[in-house]
Amino acid sequence: MRLVDAISLRSRRRKLSLFLELMQPDASTTVLDVGVDEVSLGEAGGESGCRTHNFLEERYPWPGRLTALGLHHGARFRERYPHVAYVQGDACALPFPDGAFDVVHSNAVIEHVGGRERQQAFVREALRVGRRVFLTTPNRWFPIEVHTRLPLVHWLPEPLAGRLYDLAGKPWARDNHLLGASDLRSLFPVPVEIHNLGLTLVATT
């Protein structure tokens, strides 16, 4: 396993432990996981080459209580996780009624949905359909940009950072909208606790 994958895997294990500690789910808890991928743990794919997608589905003790939402058609996901309900949809307009889930979980998705208005919609929808929310995102103020593995570039003005992403062969990184702790907090219209794990920020309600 590459070093970057090992670091990512360790981060996901830490977040899962925090999720279980803070949300305290049991066999009756309904959980919506927003932003799953067709590419799963250990599989190559995706623009960033991440091999640690769908970690919750791989390790959650009660997969039959999970509902997963993604943008893709889901055939590959359903084949790998037959006990997890899959729904195709937009994270900023969730196709579920108010209070449909005990917990809404989302790992490193909000930075991909668009600018501030879309991020606010993402948070509003999570709060609408879930009684509690557990949302993670890479920390903008961590010196390594986790999607590109490039140091410090994401601290530069956007036009300059964009040119460097292009030179590095990672033009898709222009579309990432990273958040610091205060940025993440400001997206929530309700009280929220921000946990700074260094590489990652976790917002919980």
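Structure report, in brief. Fair warning: this is a prediction, and the values are worked out from it, not measured in the lab. (Residues numbered from 1 in each chain as written. Predicted model: local features only at pLDDT ≥ 70, side-chain atom pairs only at ≥ 80, totals over all residues. Heavy atoms only, no water.)

## So, the nonpolar core
Membership of the largest hydrophobic core comes to 27 residues, with the highest contact counts inside it found for Leu32, Val34, Phe122, Leu135, Leu184 and Phe188. Elements that contribute at least two residues to this core include exactly strand 1 (31–34), strand 4 (101–107), helix 4 (116–129), strand 5 (130–138) and strand 9 (200–204). Ignoring any residue separated from it by four or fewer positions in sequence, one finds Leu184 in contact with Leu135, Thr137, Leu179, Ile194, Leu201 and Ala203. The next biggest cluster of nonpolar side chains, apart from the first, holds 20 residues, and it includes Met23, Phe77, Tyr81 and Val84. (Core = buried A, V, L, I, M, F, W, Y, C linked by side-chain atoms within 4.5 Å. Buried < 20%, exposed > 50% of the residue type's maximum accessible area, 1.4 Å probe, protein only. Helix = DSSP H or I, 4+ residues; strand = E, 2+ residues; numbered from the N terminus. Contact = heavy atoms within 4.5 Å.)

## Some points on a nonpolar patch on the surface
Taken together, Leu156, Leu160, Leu164 and Leu167 make up a surface patch of nonpolar side chains, about 340 Å² in accessible area. Within the fold, Leu167 resides in helix 5 (residues 158–167). (Patch = residues over 30% accessible without salt bridge, like charges linked within 9 Å, V, L, I, M, F, W, Y side chains within 5 Å. Areas by Shrake-Rupley, 256 points an atom, 1.4 Å probe, with all protein chains shown as cover. Salt bridge = Lys/Arg side-chain N within 4 Å of Asp/Glu carboxyl O.)

## Concerning the sheet that holds strand 8 (residues 193–196)
Taken together, the seven strands give an open sheet; going across it, the order is 3-2-1-4-5-9-8, and neighbouring strands pair in mixed fashion. Looking at which strands have only one partner, the edges of the open sheet turn out to be strand 3 (85–88) and strand 8. For this sheet the average axis-to-axis angle between neighbouring strands, irrespective of direction, equals 20°. Direction of pairing for strand 5 relative to strand 9: antiparallel, over a ladder of five bridges. Residue pairing across strands places Leu135 opposite Ala203, the latter belonging to strand 9. Sitting on the sheet, helix 4 touches strand 1, strand 4 and strand 5, and the angle it makes with strand 5 is about 150°. (Pairing = 2+ DSSP bridges. Axes fitted to C-alpha atoms, helices over the stretch in contact; angles between N-to-C directions.)

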